[in-house]
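These are the residues of each chain, in order.
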Amino acid sequence: MLLTVLSWSISLLAASCGAKLPDPEVKVEVLHRPFLCHRKSKYGDMLLVHHEGYFENGTRFHNSRSDDNQQPVWFTLGIKEVIKGWDKGLQDMCAGEKRKLIVPPALAYGKEGKGKIPPESTLTFIIEVMEIRNGPRSHESFQEMDLNDDWKLSKYEVKEYLRKEFERHGYPPNDTLHENMMEDIFAKEDENKDGFISSREFTYKHDEL
Ligand SMILES: [Ca+2]
Ligand SMILES: [Ca+2]
């Protein structure tokens, strides 16, 4: 959670540029949906997924189950941590659900490609969601941080949160560091400079998707 606090600023910086063109679509096919579904994935949630990736000719370029590390991966939905095709195509999913996504280059690695992905590649992914958790910017996280339930985060509340996160991860409390981190968070997040982070200021901005 400490890392996610630090990454607040980065995701916000990343969201600030880009021209508005109508985006091509991701083709979504549901391969399996579990009978029981306690919650559905939404922007800001953290998803744990297994995934396979295929080129248009059917060659597999990635498989999280058989590649060296054999680990499903965690990512936060809707903040451009992954390709746009995933952010768009993995909403409203249940834990245990499996989807096939056909992602055009503009929503994947584009004109440049990346690593073993050649330029202008349309990619097919088979993605299975193993687990869904509240992301660092979810309403649930906000409520947890908002100690006095007034729907805004004071400097004290943010500092308390940092202190608790440090403690939870076994770091000694460091008041100067917490103070600096808190000031840094407010400098970037408190957009209207009223000394509080409102729930609106806190929540991820998704309009670029
Ligand atoms: Ca509060
Ligand atoms: Ca504010």
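So, how was this worked out
Residues numbered from 1 in each chain as written. Chains lettered and ligands numbered in written order. Predicted model: local features only at pLDDT ≥ 70, side-chain atom pairs only at ≥ 80, totals over all residues. Helix = DSSP H or I, 4+ residues; strand = E, 2+ residues; numbered from the N terminus. Buried ≥ 20, exposed ≤ 12 C-beta atoms within 10 Å, placed from the backbone. Contact = placed C-beta atoms within 7 Å. UniProt positions renumbered as here; feature names shortened; annotations may be inferred. Axes fitted to C-alpha atoms, helices over the stretch in contact; angles between N-to-C directions. Parallel < 35°, antiparallel > 145°, perpendicular 65-115°, else oblique. Left-handed = near helix turned anticlockwise from the far one by under 90°. Nonpolar A, V, L, I, M, F, W, Y, C, P; charged D, E, K, R; others polar. Core = buried A, V, L, I, M, F, W, Y, C linked by C-beta atoms within 7 Å.

Undergrad: Explain the overall build of the protein to me, please; I cannot follow it from the model alone.
TA: Secondary structure assignment for the protein yields six helices and eight strands. Across the protein, helices and strands are ordered from the amino to the carboxyl terminus as α-β-β-β-β-α-β-β-α-β-α-α-β-α. Across the 209 residues of the protein, 21% fall into the buried class. Contacts in the protein between residues far apart in sequence, at least 24 positions, make up 67% of those at least 6 positions apart.

Undergrad: Can you help me understand the UniProt feature "domain: EF-hand" (unreviewed entry) in the protein in this one?
TA: When the UniProt feature table is mapped onto this chain, "domain: EF-hand" (unreviewed entry) is found at residues 133-168 and 177-209. The span residues 133-168 is 58% helix and 8% strand, and its two end C-alpha atoms sit 18 Å from each other.

Undergrad: Which parts of the structure should I look at to understand the packing of helix 4 (residues 155-168) against helix 5 (residues 175-189)?
TA: For any two helices packed against each other, one specifies the inter-axial angle together with the distance between the axes. Contact geometry of helix 4 with helix 5 gives a least axis separation of 9 Å together with a crossing angle of 125°. With respect to helix 5, the axis of helix 4 lies oblique. When you trace helix 4 past helix 5, the crossing you get is right-handed. Within the contact between the two elements, helix 4 uses K155, V158, K159, L162 and R163 and helix 5 uses H178, M181, M182, I185 and F186. Classifying every residue of the contact of helix 4 with helix 5 by side-chain character gives six nonpolar, one polar and three charged.

Undergrad: Explain the nonpolar core here, please?
TA: The tendency in soluble globular proteins is for nonpolar side chains to be buried side by side. Counting 17 residues, the largest nonpolar core has L47, L90 and V103 as the members making the most contacts within it. Elements that contribute at least two residues to this core include exactly strand 2 (46-54), strand 5 (98-103) and strand 6 (123-133). When residues in this core are grouped by element, the largest group, five residues, is from strand 6. Leaving out residues up to four positions away in the same chain, V103 has contacts with V26, I83, G85, A108, T122, L123 and F125. The next biggest cluster of nonpolar side chains, apart from the first, holds eight residues, and it includes Y161, M182, I185 and I197.

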